[in-house]
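Topology and contacts: notes
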Amino acid sequence: LDNPTRCYSSVALQRGSEHLLQRLTSLQFPRSCDPDKLSQRRFNKTQGLGVTLRWLGLSQLEALRSERTLIVGGRWRAFNFEGCNERGLSCYLAPTTNCSVKTWDWEDIENNDFEMPPVLTVPDSCMDQGQLWWSAITLQAIMRPSLDFQARLRKMKNIMGWDGRVLGLHVRHGDSCADVVRKTCIATHRYFEQAEEVAV
């Protein structure tokens, strides 16, 4: 390589990522679930996908900093497709913990109902890559598709004739387009025009 330092930095970053994932796994899948070491949160309000995942990531970071196991209850109302009405996260994502509770502490949860956790400072000074890096790693740990969802994806890919060469676009035409404070949303045909240029 032209720059050995760059290679060293990449290895250090990879090792840091693996170390953080190991810490998250040990917290989320402890040998014994201590009720005093649980961080209970729940879905309640109807929220979009982006803010929901942001909420999950920050909740996980908050649990990591306090050395607690994050447990999420409630239903994900905005994504209650057929067969998912009562399953919540487990309909889409692999189990995030082996812990459970018989009785939820709803009184405490009500006081923080879907409250967005603060953007935390990096909880481990030995690997300071900034808040975005920590958020990305925590979301990597959370966003593992469930077996059921993987089966659905395989079925849809077969129907579409998916061959692995795909150009993904984030077309943002949700609730943000109704916000007059934000800039006007880009028309769909503009996305396709740019996609065709890239695909050539």
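Keep in mind that what you see is a predicted model, and the values were worked out from it rather than measured.

**Structural notes on helix H2 (residues 49–65)**
With 17 residues, H2 should cover 24 Å at 1.5 Å per step; its first-to-last C-alpha distance of 24 Å lies within 8% of that length. Backbone geometry just after H2 places Glu67 at a positive phi near 60 degrees.

**Observations regarding the confidence of the model for the protein chain**
Residues shown with low pLDDT carry predicted positions that ought not to be read at fine detail. Residues of the protein chain with pLDDT of at least 70 account for 74%, and the chain-wide mean is 78. Considering each helix and strand of the protein chain separately, the mean pLDDT is smallest for helix H3 (residues 106–111), with a value of 60, and largest for helix H5 (residues 147–160), with 89.

**A look at the pattern of salt bridges**
Counted by the stated rule, this structure contains three salt bridges. Of the charged contacts in the structure, one is a salt bridge between Glu62 and Arg41, with a shortest N-O distance of 3.4 Å. One end of the pair, Glu62, is in helix H2; the other, Arg41, is in strand S1 (residues 38–42), with 21 residues separating them in the sequence. For Glu62, a relative accessible area of 27% puts it in the partly exposed group. Given the relative accessible area of 9%, Arg41 is considered buried. Across the pair Arg152 and Asp148 runs a salt bridge, and its minimum N-O distance is 3.5 Å. Of this pair, Arg152 and Asp148 are both found in helix H5, four residues apart, which corresponds to roughly one turn of the helix. Judged by relative accessible area, which is 35%, Arg152 ranks as partly exposed. Taking relative accessible area as the criterion, Asp148 reaches 30% and is therefore assigned partly exposed.

Definitions and limits used
- Residues numbered from 1 in each chain as written.
- Predicted model: local features only at pLDDT ≥ 70, side-chain atom pairs only at ≥ 80, totals over all residues.
- Heavy atoms only, no water.
- Helix = DSSP H or I, 4+ residues; strand = E, 2+ residues; numbered from the N terminus.
- Expected span 1.5 Å × (residues − 1).
- pLDDT = per-residue confidence, 0-100.
- Salt bridge = Lys/Arg side-chain N within 4 Å of Asp/Glu carboxyl O.
- Buried < 20%, exposed > 50% of the residue type's maximum accessible area, 1.4 Å probe, protein only.

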